[in-house]
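Examination of the molecular architecture
Residue-level listing of the chains:
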Amino acid sequence: MRLILLGPPGAGKGTQAQFICEAFGIPQISTGDMLRAAVKEGTELGLKAKEIMNSGGLVSDDIIIGLVKDRISQPDCAKGFLFDGFPRTLPQADAMKEAGVKLDNVVEIAVDDEEIVQRMSGRRVHPASGRTYHIIHNPPKVEGKDDVTGDDLIQREDDNEDTVRHRLAVYHEQTAPLVEYYQAWARQDPKQAPVYTCVKGIGSVEAIREQVLKALGQ
Ligand code: AP5
Ligand code: ZN
């Protein structure tokens, strides 16, 4: 199974990715998590990405495409993978097409902007694993602590309202065109193109999980 979870910042891509990856036994490839790890380690990539991410802009296509091509050539991706937060621009999507990366599904999780702005203020994350919580909608068992490790949870630096609004604007301008891109491809070449499904991302985490799994034939 090779699939893309598409959707605005805060749509619940990371939250749903965990269930899907478990159900299919495939790795989650979150370019955001990979970049945050690089920032934390202070690598050359991390130094380049830090300011861009904190401002809510996009890291350059060349860097991201290189990172993803490297990642999907690793042995654990042979069975498949889930892209979370990638592709995010038309050139990134084209790069996968040109490289002959065959995808089975694209699942869009649709949530409107105002809901997202509210959600983001309550997000808490476990940086080492990428596990994501929400103080009201998906709280950890112990306040402020990761369920698995007991480590402290943090708030992401790009989760303040101004940055979230900028990330949403960038999404509408650069990423939303991918909806039409994959829909048009599916119409023109249904054999090669991934199956496209849009799921409404409002409701309980469990209800959305059911819909996403259904879209994937489970
Ligand atoms: P990235 O980490 O990918 O961020 P994003 O796409 O903006 O998405 P988020 O991680 O914010 O949201 P999510 O959809 O995963 O939602 P989540 O499940 O956490 O990217 C960060 C930055 O890295 C970018 O801004 C860019 O700079 C750079 N970058 C990354 N990839 C790039 C690329 N390909 N090209 C260029 N630059 C790139 O859920 C959000 C909150 O809502 C949580 O608190 C969660 O608990 C809660 N929640 C989830 N589901 C529900 C529900 N059903 N109801 C209520 N609350 C819910
Ligand atoms: Zn995420």
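Residues numbered from 1 in each chain as written. Chains lettered and ligands numbered in written order. Predicted model: local features only at pLDDT ≥ 70, side-chain atom pairs only at ≥ 80, totals over all residues. Heavy atoms only, no water.

**Observations concerning helix H4 (residues 61-72)**
Side chains three or four residues apart in an α-helix point the same way, a direct result of the helix having 3.6 residues per turn. Helix length check: H4, at 12 residues, gives a terminal C-alpha distance of 16 Å against a target of 16 Å (1.5 Å per residue), a fit within 8%. What H4 keeps buried is the set Asp 61, Ile 64, Ile 65, Leu 67, Val 68, Arg 71 and Ile 72. For H4, the angular spread of buried residues about the axis comes to 160 degrees, placing them on one side. Relative to its buried face, H4 has exposed residues pointing more than 90 degrees away, namely Asp 62 and Asp 70. The inward-facing, buried residues of H4 contact strand E2 (28-30), helix H2 (31-41), helix H3 (44-55), strand E3 (81-84) and helix H5 (90-98). (Helix = DSSP H or I, 4+ residues; strand = E, 2+ residues; numbered from the N terminus. Expected span 1.5 Å × (residues − 1). Buried < 20%, exposed > 50% of the residue type's maximum accessible area, 1.4 Å probe, protein only. Arc of directions from axis to C-beta. Contact = heavy atoms within 4.5 Å.)

**Thoughts on the environment of Lys 13**
Positionally, Lys 13 belongs in helix H1 (residues 13-24). With relative accessibility at 10%, the residue Lys 13 sits in the buried group. Linking Lys 13 and Arg 131, residues 118 residues apart in sequence, is a C-alpha distance of 11 Å. Here the side chain of Lys 13 touches Pro 8 through a polar contact of 3.0 Å, landing on its backbone oxygen. (Polar contact = N/O pair within 3.5 Å; in protein donor to acceptor, adjacent residues only side chain to side chain.)

**Regarding the UniProt feature "domain: Adenylate kinase active site lid" (unreviewed entry) in the chain**
The positions that UniProt labels "domain: Adenylate kinase active site lid" (unreviewed entry) are, in the present scheme, residues 123-158. Overall, residues 123-158 shows 0% helix and 17% strand. The separation of its end C-alpha atoms is 11 Å. (UniProt positions renumbered as here; feature names shortened; annotations may be inferred.)

**Considerations on the site of ligand 1**
As a structural note, the neighbourhood of ligand 1 is formed by 36 residues, with Thr 15, Gly 57, Arg 123, Tyr 133 and Arg 167 the closest of them. Measuring from an oxygen atom of ligand 1, one finds a side-chain N or O atom of Thr 15 at 2.6 Å. The backbone of His 134 places a nitrogen or oxygen atom 3.4 Å from an oxygen atom of ligand 1. Burial of ligand 1 by the protein amounts to 97% of the accessible area it has alone, namely 1100 Å². Looking at the shell around ligand 1, the elements that each hand over two or more residues are H1, H2, helix H6 (113-121), strand E6 (132-134) and helix H9 (205-215). Here the residues of the shell around ligand 1 sort into 13 nonpolar, 16 polar and seven charged. (Near = heavy atom within 4 Å. Areas by Shrake-Rupley, 256 points an atom, 1.4 Å probe, with all protein chains shown as cover. Nonpolar A, V, L, I, M, F, W, Y, C, P; charged D, E, K, R; others polar.)

**Details of the UniProt feature "binding site: AMP" (unreviewed entry) in the chain**
Per the UniProt record, "binding site: AMP" (unreviewed entry) is found at Thr 31, Arg 36, Gly 57, Leu 58, Val 59, Gly 85, Phe 86, Pro 87, Arg 88, Gln 92, Arg 156 and Arg 167. In three dimensions, the annotated residues from a span of 137 residues occupy distinct locations, with a maximal C-alpha spread of 24.6 Å. Here Phe 86 shows up in the loop between E3 and H5. Ignoring any residue separated from it by four or fewer positions in sequence, one finds Phe 86 in contact with Ile 4, Thr 31, Ile 64, Val 68, Gln 92 and Met 96. The residue Arg 88 is located in the loop between E3 and H5 in this model.

**Describing the nonpolar core**
Ranked by internal contacts, the top residues of the largest apolar core, which has 27 residues, are Ile 72, Phe 81, Phe 83 and Tyr 182. For this core, the secondary structure elements donating two or more residues are strand E1 (2-6), H3, H4, E3, H5 and helix H8 (177-188). Among the elements that line this core, the one with the most residues is H8, at five residues. If sequence neighbours within four positions are ignored, Ile 72 has contacts with Ile 29, Cys 77, Phe 81, Phe 83, Met 96 and Val 101. Ranked by size, the runner-up nonpolar core spans 23 residues in total, among them Ala 11, Ile 109, Val 164 and Leu 216. (Core = buried A, V, L, I, M, F, W, Y, C linked by side-chain atoms within 4.5 Å.)

**What about the sheet that holds strand E4 (residues 105-110)?**
In space, the five strands of this open sheet follow the order E2-E3-E1-E4-E7, with parallel pairing throughout. A single partner strand is all that each edge strand has here, and the edge strands are E2 and strand E7 (195-200). Between one strand axis and the next, the sheet turns through 20 degrees on average, direction left out of account. As paired strands, E1 and E3 are joined by four bridges and run parallel to one another. Residue pairing for E3: Leu 5 is matched across the bridge by Asp 84. (Pairing = 2+ DSSP bridges. Axes fitted to C-alpha atoms, helices over the stretch in contact; angles between N-to-C directions.)

**A few points about the environment of Arg 165**
For Arg 165, the location among the structural elements is in helix H7 (residues 161-175). For Arg 165, a relative accessible area of 35% gives the class partly exposed. In this structure, the C-alpha to C-alpha distance between Arg 165 and Glu 114, residues 51 residues apart in sequence, is 9.3 Å. Residues contacting Arg 165, with those up to four places away along its chain left out, are Glu 114 and Val 117.

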